[in-house]
Structure formats: structure tokens, C-alpha cells
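Residues per chain are reported as follows:
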Amino acid sequence: MNGNLCYTNWHMKKLVTGFCVLMTSTWAMAAPLPQPNFVDTGASTNIVFAASSMPGAVTFSLEFTPSPTNNVEIAIGTDTDGNGVLSAEEERLTIGWDCGRWFVRKGENADDEYSVAAATDGTAKAFSWRLTTMRGGVPSRLVATADGTALFNDLSTSPPRWLYDTSWNLARVVVRGAGVEGSVAPVKVSVAGTVFYMR
């Protein structure tokens, strides 16, 4: 060796693979449902979360004993006045149980409502919601179940755009009817894992 670096005339192809998993979520462990003081009153609690424009999923779950006289729902929207409370005017999506039926409603608009009647046998039910989104927050698939039974089949394969908005930042859990024992795992927004290939 004369101290000079010598390179042979050969071609090298280099593949660099990067793996990036992005997770953004505001998640709290299952918490007790808020409790009204009287049968004819309601109780609520607000939950802050952050919607995302990245592909991913929106999930939450409820567990309680539904009856013909109680109501448990999650309303989602944007806290436009910044007071930390989701008012009726700020609601854009409401999901839950109302006196004998599971339902999904576009804000306060009863014209855009999907509901499924359900028997009430006095046992606790586990309701689960998972909405998969594409880039830009466009809904792509919905899986909603009660004790593993699929609900809202009309929405599942082709969910409407109003099921998700990237500006949403607040959810409100509402319980009406005294003695509605149960729990809620609040809204979680997760961004899908992404693999990047660079050549």
C-alpha cells in the first residue's frame, strides 16, 4: 500500500429501509361512568383528545347494563369557544344507547341517524367502536359491536365523511337515568404504523 486509497471499479446497490411507527393518542384507562343524582336528570364529563389527519383509527368502548329507560352516549366535536365543555351546538357526532336502541347520529340532526333495536335482558353489555381512517381523516371502515355482535351494517363498509373530522378535540360522555353503573374507555386516536422504503 502506498498510502493512496484505491477503489475497484464495481457497482454497489444500497438499500436503506426505514421503519417508522407513529402513535399519537390521548388515552385514559377505563373510568366509571358519570352518575346522575336522580332518575330524571343527567350527568356528563368532558374528555380532551386530538384528532389526526394521518391514517389510523378512532376507538372507544362502553360497558354498562342498558335498559328501556336509560341513556349512555358519547358526543364528539370541536370546542370552538375554548371553555372545555362540549355544548350541544358544538356536537358533530353522537354515538351510544338510548332507551332500547344503539344509535349513531350526525350532531343533532335526526335525519342522519342510524339505529338498531336491542333487547334488554338485565345484563351488562360491552359496546365497542373502531373507525379506521385514511390520510386526511377520511373514514374507510367502521367496526361497531355490542357483545361482539356487529351493529350499523349500513355504515360499516362505506362510512360517511361526517363520522370523523380532523378539527375535533373534545368528547362528552353523557348518562341519563339513575343507577347506570359501568365504565368508559374514552376516545383514543392512533396513527397507523408506516413503513418507508428508500432506494
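Structure: see above.
Residues numbered from 1 in each chain as written. Predicted model: local features only at pLDDT ≥ 70, side-chain atom pairs only at ≥ 80, totals over all residues. Heavy atoms only, no water.

Caption draft 1: Looking closely at the pairing of strand 6 (residues 91–98). The element strand 6 is extensively covered by neighbouring structure, given that 6 of its 8 residues are classed as buried. Strand direction decides the pairing type here: strand 5 (residues 71–77) and strand 6, joined by 7 bridges, are antiparallel. For Asn71, the partnering residue across the bridge sits in strand 6 and is Asp98. Bridge analysis of strand 6 against strand 7 (residues 101–106) gives 5 bridges, and the strand direction is antiparallel. (Buried < 20%, exposed > 50% of the residue type's maximum accessible area, 1.4 Å probe, protein only. Helix = DSSP H or I, 4+ residues; strand = E, 2+ residues; numbered from the N terminus. Pairing = 2+ DSSP bridges.)

Caption draft 2: Layout of empty space enclosed by the protein. Scanning the entire structure with this criterion turns up 2 cavities of 30 Å³ or more. Lining the largest cavity are Phe49, Val58, Ile76, Leu93, Trp129, Leu131, Leu163, Tyr164, Trp168 and Val187. Split into classes, the residues belonging to the lining of the largest cavity amount to 10 nonpolar, no polar and no charged. If you go around the second largest cavity, the residues you meet are Ser52, Met54, Pro55, Gly56, Ala57, Val58, Thr133, Tyr164, Val189, Ser190 and Val191. Elements supplying a minimum of two residues to the lining of the second largest cavity: strand 4 (56–64) and strand 13 (182–191). (1 Å grid on protein atoms, 1.4 Å probe; cavity = no way out; pocket = protein on both sides within 12 Å on 5 of 7 lines; lining within 4 Å. Points joined across faces, edges and corners; volume = space filled by probe spheres on them. Nonpolar A, V, L, I, M, F, W, Y, C, P; charged D, E, K, R; others polar.)

Caption draft 3: Up close: the sheet that holds strand 4. Spatial strand order, 2-13-4-9-10-11: 6 strands in an open sheet with antiparallel pairing. Because the sheet does not close on itself, it has two edges, and the strands there are strand 2 (31–32) and strand 11 (149–151). By the bridge criterion, 8 bridges tie strand 9 (residues 125–134) to strand 10 (residues 138–146) in an arrangement that is antiparallel. Across the sheet, Trp129 pairs through a bridge with Ala144, a residue of strand 10.

Caption draft 4: The arrangement of the side chain of Arg172 in detail. With respect to the helices and strands, Arg172 occurs in strand 12 (residues 170–176). Beyond its immediate stretch of four places on either side in the chain, Arg172 contacts Ser44, Thr45, Asn46, Glu73, Ile74, Ala75, Leu86, Ser87, Ala88 and Glu91. (Contact = heavy atoms within 4.5 Å.)

Caption draft 5: Inspection of the side chain of Ser52 at higher detail. Along the chain, the position of Ser52 falls in the loop between strand 3 (42–48) and strand 4. Of note is the side chain of Ser52, whose polar atom sits 3.0 Å from the backbone nitrogen of Met54. Ignoring any residue separated from it by four or fewer positions in sequence, one finds Ser52 in contact with Gly137, Tyr164, Thr166, Val189 and Val191. (Polar contact = N/O pair within 3.5 Å; in protein donor to acceptor, adjacent residues only side chain to side chain.)

Caption draft 6: Up close: the packing of aromatic side chains. Under the defined criterion, the tally for this structure stands at 7 aromatic pairs. Centre to centre, the rings of Phe64 and Trp102 are 6.0 Å apart; their planes meet at 65 degrees, and the pair counts as edge-to-face. Residue Phe64 is found in strand 4, and its partner Trp102 is found in strand 7; the two are separated by 38 residues along the sequence. Comparing Phe64 with Trp102 shows no difference in burial state: the two are buried. Judged by centre distance (4.9 Å) and plane angle (65 degrees), the ring pair of Trp97 and Trp102 falls under edge-to-face. Taken together through their ring pairs, the aromatic side chains of Phe60, Phe64, Trp97, Trp102, Phe127 and Trp129 make up a single cluster. (Phe/Tyr/Trp six-rings, centres within 6.5 Å; stacked < 30°, edge-to-face > 60°.)

Caption draft 7: Structural view of the nonpolar core. Ranked by size, the top nonpolar core spans 36 residues in total, and within it Leu33, Leu62, Ile74, Val104, Phe127, Trp129 and Val187 carry the most contacts. Considering every element that reaches this core, the biggest residue donor is strand 4, with 4 residues. Among residues more than four places away in sequence, those in contact with Phe127 are Phe60, Ser61, Leu62, Ile95, Trp102, Thr145, Ala146, Leu151 and Phe152. (Core = buried A, V, L, I, M, F, W, Y, C linked by side-chain atoms within 4.5 Å.)

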